[in-house]
Amino acid sequence: VQLQASGGGLVQAGGSLRLSCAGSGRTLSSYAVGWFRQAPGKERKFVAAINRSGDSTIYADSVKGRFTISRDNAKNTVSLQMDSLKPGDTAVYYCAAIKVNSDNYYYRDRTYDSWGQGTLVTVSS
């Protein structure tokens, strides 16, 4: 599956953004999906993940309670709603997918084999 991440931009601290990950070529309903981010000069880190059916999610502690991952399998998209943004959330955000038979979520980046190109989120103080 090919993934296209979008929705990044510049926002003030305390603001919100909604990222979208669109799948093409194959239906995303067969894939578990995750969001990761990479700040300048730092390693890529897990943000959130969702299972195939969309009824189970997991978040990094740093975003828990502020970010919400969801999916619309009919539209072949996975979204990341980001609220109460902080300057520390500044990073390039990537969506990733792995085709699975199970209905689990996955938080290790090495599990995923399809990656989008990334979208830049900049949070100003």
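The shown structure was predicted, so the numbers you read here are calculated from the model rather than taken from an experiment.

A. Structural detail: the packing of aromatic side chains. Applying the stated criterion to the full structure yields 5 aromatic pairs. Between Phe36 and Trp115, the ring centres sit 5.2 Å apart and the planes meet at 50°, which makes this aromatic pair tilted. A residue pair is termed long-range when its members are at least 10 positions apart, and Phe36 in strand E4 (residues 31–38) and Trp115 in strand E10 (residues 114–115) qualify at 79 residues. With relative accessibility at 2%, the residue Phe36 sits in the buried group. On the basis of an interplanar angle of 65° and a centroid distance of 6.2 Å, the ring pair of Phe46 and Tyr107 is categorised as edge-to-face. On the criterion of sequence distance, the pair formed by Phe46 in strand E5 (residues 45–50) and Tyr107 in the loop between strand E9 (91–99) and E10 is long-range, its members being 61 residues apart. The partly exposed category is assigned to Tyr107, whose relative accessible area is 41%. Three or more aromatic residues link up through ring pairs in this structure, and these residues are Phe36, Phe46, Tyr107, Tyr112 and Trp115. The ring of Trp115 is capped by Arg44, whose NZ or CZ atom sits 3.9 Å from the centre of that ring.

B. The nonpolar core, seen in detail. Core analysis: the biggest nonpolar cluster contains 37 residues, and Trp35, Leu80, Met82 and Tyr93 have the highest contact counts within it. Among the elements of the structure, strand E1 (2–6), strand E3 (17–24), E4, E5, strand E7 (67–72), strand E8 (77–82), E9 and strand E11 (119–124) are those that each provide at least two residues to this core. Here this core gets 6 residues from one element, more than from any other, and that element is E9. What Leu80 contacts, discounting residues up to four positions off in sequence, is Leu17, Arg18, Leu19, Trp35, Val47, Ala48, Phe67, Thr68, Ile69 and Tyr93.

C. Expanded view of unusual backbone geometry. Of note, Asn76 is a non-glycine position whose phi angle comes to about 60°, a positive value. As for its placement among the helices and strands, Asn76 is situated in the loop between E7 and E8. Positive phi values are uncommon outside glycine, yet Ser84 reaches one of about 50°. Relative to the helices and strands, Ser84 resides in the loop between E8 and E9.

D. Structural context of the sheet that holds E3. Strand order in the open sheet made by the 4 strands is E1-E3-E8-E7, with antiparallel pairing throughout. In this open sheet, the two strands that pair with only one neighbour each are E1 and E7. Adjacent strand axes in the sheet meet at a mean angle of 15°, parallel and antiparallel pairs treated alike. Where E7 and E8 come together, 6 bridges link them in antiparallel fashion. Within the sheet, the bridge partner assigned to Thr68 lies in E8 and is Gln81.

E. Representation of the pattern of salt bridges in the model. By the definition in use, this model includes 4 salt bridges. Between Asp109 and Arg44 there is a salt bridge whose closest N-O contact spans 3.5 Å. Pair noted here: Asp109 is in the loop between E9 and E10 and Arg44 is in the loop between E4 and E5, with a separation of 65 residues, a long-range link. By relative accessible area, Asp109 is classed as partly exposed at 26%. Taking the relative accessible area as the measure of exposure, Arg44 reaches 32% and is therefore partly exposed. A salt bridge links Asp89 to Arg66; its shortest N-O distance comes to 2.8 Å. In this pair, Asp89 is assigned in the loop between E8 and E9 and Arg66 in the loop between strand E6 (57–59) and E7, connecting sequence segments 23 residues apart. The two residues Asp89 and Arg66 agree in class, both being buried. Several salt bridges share partner residues, and in doing so they unite Arg37, Arg66 and Asp89 into one network.

What counts, and where the lines are drawn
- Residues numbered from 1 in each chain as written.
- Predicted model: local features only at pLDDT ≥ 70, side-chain atom pairs only at ≥ 80, totals over all residues.
- Heavy atoms only, no water.
- Phe/Tyr/Trp six-rings, centres within 6.5 Å; stacked < 30°, edge-to-face > 60°.
- Helix = DSSP H or I, 4+ residues; strand = E, 2+ residues; numbered from the N terminus.
- Buried < 20%, exposed > 50% of the residue type's maximum accessible area, 1.4 Å probe, protein only.
- Lys NZ or Arg CZ within 6 Å of the ring centre and 35° of its normal.
- Core = buried A, V, L, I, M, F, W, Y, C linked by side-chain atoms within 4.5 Å.
- Contact = heavy atoms within 4.5 Å.
- Pairing = 2+ DSSP bridges.
- Axes fitted to C-alpha atoms, helices over the stretch in contact; angles between N-to-C directions.
- Salt bridge = Lys/Arg side-chain N within 4 Å of Asp/Glu carboxyl O.

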